[in-house]
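# Chain and residue survey
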Amino acid sequence: MSLISQNASAIDRVKKPKREPELPRVEDSGGASEKDELNGVVSSPKKRKKKKKQEADPEKQEQEEREMKRLENFLFGSLYSPVVFGKDEDDEAKDDVHDSSPLFVIDNTPGTDLPIYDLHQNIDDEKENEQRKPAWVDEEDENMNINIAKVNRLRKLRKEEDETVISGSAYVSRLRAQHEKLNPGTDWARPGSKAKSYSSDEESEVENDPLAHGYDVTEGVDDILRTNEDLVMKSGARLLPGLLEYSRLVDANKEDPCSGPINSVQFHQNGQLLLPAGLDKKLRFFQIDGKCNTKIQSIFLEDCPIKKASFLHDGSQVIVSGRRKFFYSFDLVKAKCDRIGPLTGREEKSLEMFEVSPDSSTIAFIGNEGYILLVSAKTKGLIGTLKMNGTVRSLAFSKDGNQLLSSGGDGQIYHWDLRTMTCFHKGTDEGCLTGTALCISPVRNLFAAGSSSGIVNLYKSEEFVGGKHKPLKTIENLTTEVNFMKFNHDTQMLAICSHMKKNSMKLIHIPSFTVFSNWPPPNCSLHYPRCVDFSPRGGFMAVGNAAGTVLLYKLHHYQHA
């Protein structure tokens, strides 16, 4: 109301005459009341029409308000105008709004997770999801059998290694599971899924909102934001046979290649330090990362062409030997190299081959005339000798360091107990004339025996000691003498190689006792492979050859070095 209208109403109240006693109202044909005549006012037809219009306005306003309330109820429900049960719309419109009290109140306190109207909506959505059924089901799926072991690309659907035939429905479900595993980013397409936001502004708004009770933003953040582990991880630890996934990296000794054949290569227990050694009398240490492979240090031994170099298993020292009566010990902590030998009481012309026990307590050297020389790793003194019937060609310690295996010119495999210094079992290696290589698995009770004819036999230790000399598997993929063998850290892979032929190296899948068909690489020459080693966690494989190069490969199945 404006100021002019307020002043006008005040003047009208001043000029209004006193109320006189009511007289009987007599209606005339003109529509003018007797009261007006007494006051001296005669209404004109225009004023009468205007007065009738003002009298009709309250009814029109009341009808408009009723229509607006009806539209509000239709659009927004009963939140803004609660419905009084038992009354019609016409009766509700006639009630006095100020005198009426609400029949119920919506409780939005933090004790309830959702408002009432949201609860009803969620219940309806759950009912719709429960009622959803497949539009069409093929009855022939149950009668259909599919061989998933026959096709290479379907082998990943197997749950067990020896599983071959599954039903059609199981095949469909496994394909769906494989698709969801490869495409995990389709949650937005599922019914009922909600997009999440991790911005700090929205997080603070949600925390301050009492209606958002039960929604914790920190719980919605993915685990990748809370850890420093790799984002891509393999689903299982089982290595599948057939094809090996690998890639060639920069040569491990590219910064300083060896001028002679590589006779020994070994990873340090930390997985980052690599030690190659050869006939050029140099020890080299490389930091392995697959890209630069930086050289850390090199040591020149003037009077010892190196035949073998090996870390002690605790990583503190390196034992170096050649075709000499003595050997060297290099201390990594003190950076000091000591010459040891000849051994007291022995007249060996060469100590070129040896093995270090897993507990880093004993070093076993191959001696003359079937003798095995046991040297203390701490004092570097001779602590005992073992005698075979034939010549000694290879040695291997058990994983606890209490037993020693040896083989040689008589084709027998000897089991020695180092606590009693006695041989508790001797057995014939099937089909072997001269044993040239031995290797014991670090996890399973298996050992491999190689011979001069290129045959590799795999045995189970308990069965062999118990008198069963039948091998679990005979590998005949090499045609020349087996010179070197090495299991990886989880005994799923065995590398075998021969010095006498180019590319004469094979990788065996131990669970299936089969050879990987894509190794050696068809487009890359290994030259004459002489030694192999796997990194402590299996991610790298280093191959030393007669050309003085250490080839480095990444095995994709293993995520860490």
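Residues numbered from 1 in each chain as written. Predicted model: local features only at pLDDT ≥ 70, side-chain atom pairs only at ≥ 80, totals over all residues. Heavy atoms only, no water.

### Some words on the pairing of strand S20 (residues 435–440)
The cut-off we apply is this: Here's how the labels work: a residue is buried when its accessible area is under 20% of the maximum for its type, exposed when over 50%, partly exposed in between, all with a 1.4 Å probe on protein chains only. By definition, any uninterrupted DSSP run of H or I lasting at least four residues is a helix, any uninterrupted run of E lasting at least two residues is a strand, and each is numbered from the N terminus. Here, a strand pair is defined by DSSP locating no fewer than two bridges between the strands.
For S20, the buried fraction is high: 5 of the 6 residues fall into the buried class. Relative to strand S21 (residues 446–451), S20 runs antiparallel, the two sharing 5 bridges. In the strand pairing of S21, Gly435 is matched with Ser451. Between the antiparallel neighbours S20 and S21 lie 5 residues.

### Thoughts on the environment of Arg155
What counts, and what does not: Two residues form a contact once any of their heavy atoms are found within 4.5 Å.
On the secondary structure map, Arg155 appears in the loop between strand S1 (145–147) and strand S2 (165–167). Residues Arg155 and Leu240, 85 residues apart in the sequence, show an inter-C-alpha distance of 8.7 Å. Setting aside residues up to four positions removed in sequence, Arg155 forms contacts with Ile148 and Ala149.

### Focus on the nonpolar core
Counted only if it meets this: Here, nonpolar core refers to any group of buried Ala, Val, Leu, Ile, Met, Phe, Trp, Tyr and Cys residues whose side-chain atoms link them within 4.5 Å.
Core analysis: the biggest nonpolar cluster contains 20 residues, and Met505, Leu507 and Met541 have the highest contact counts within it. Mapped by element, the contributors of at least two residues to this core are strand S25 (493–497), strand S26 (505–509), strand S28 (529–534), strand S29 (540–545) and strand S30 (550–555). Other than its neighbours up to four places away in sequence, Met505 contacts Leu478, Ala495, Ile496, Cys497, Trp519, Pro520, Leu526, Pro529, Val532, Met541 and Val543. Counting residues in hydrophobic clusters, the runner-up holds 16 residues, among them Leu275, Ile299, Cys304 and Val320.

### Description of the pattern of salt bridges
Heads up, the rule is: Salt-bridge detection follows one rule: a side-chain nitrogen of Lys or Arg within 4 Å of a carboxyl oxygen of Asp or Glu.
Here the structure, examined in full by the defined rule, presents 16 salt bridges. In this structure, Arg323 engages Glu352 in a salt bridge whose closest nitrogen and oxygen atoms are separated by 3.0 Å. Taken together, the positions of Arg323 in the loop between strand S9 (317–322) and strand S10 (327–331) and Glu352 in the loop between strand S11 (336–340) and strand S12 (354–356) put the pair 29 residues apart, joining distant regions of the chain. Residue Glu352 is classed as buried on the basis of its relative accessible area, which comes to 16%.

### Digging into the sheet that holds strand S8 (residues 306–311)
Filter applied, for reference: To get an axis, fit a line to the C-alpha atoms, keeping to the stretch in contact for a helix; angles then go from 0 to 180 degrees between the N-to-C directions.
Pairing is antiparallel across the open sheet formed by 4 strands, whose spatial order is S8-S9-S10-S11. Two strands close off the open sheet at either side, each with one partner strand: S8 and S11. Across the sheet, the mean angle from the axis of one strand to that of its neighbour is 20°, orientation sign disregarded. Here S9 pairs with S10 via 5 bridges, running antiparallel. Within S10, the position partnered with Val318 by the bridge is Phe330.

### A word on the side chain of His268
When you line up the elements, His268 lands in the loop between strand S4 (262–267) and strand S5 (273–278). Beyond its immediate sequence surroundings of up to four residues, His268 is in contact with Leu273, Phe311, Gly315, Leu332 and Pro536.

### Focus on the packing of aromatic side chains
The following threshold applies: A pair of Phe, Tyr and Trp rings is counted when the ring centres sit within 6.5 Å of each other, with Trp represented by its six-membered ring. The angle between the planes then sorts it: under 30 degrees is stacked, over 60 is edge-to-face, the rest tilted. To sit over a ring, a charge needs its Lys NZ or Arg CZ within 6 Å of the ring centre and within 35 degrees of the ring normal.
Taken as a whole, this structure holds 12 aromatic pairs when the rule is applied. Centroid distance Phe326 to Tyr328: 5.9 Å. Interplanar angle 85°. Geometry classified as edge-to-face. The exposure class assigned to Tyr328 is buried, which follows from its relative accessible area of 10%. Three or more aromatic residues joined by ring pairs form one cluster here, namely Tyr246, Trp519 and Tyr553. Directly above the ring of Tyr371 sits Arg346, whose terminal nitrogen or CZ lies 4.4 Å from the centroid. The residue whose ring lies beneath Lys387 is Tyr371, and the NZ or CZ to ring-centre distance is 5.6 Å.

### A few points about the sheet that holds strand S7 (residues 294–300)
Overall, antiparallel pairing links the 4 strands, which are arranged S4-S5-S6-S7 in an open sheet. Taken across any chain shown, the strands that pair with only one partner, and hence form the sheet edges, are S4 and S7. Ignoring which end each strand starts from, the neighbouring axes of this sheet average 15° apart.

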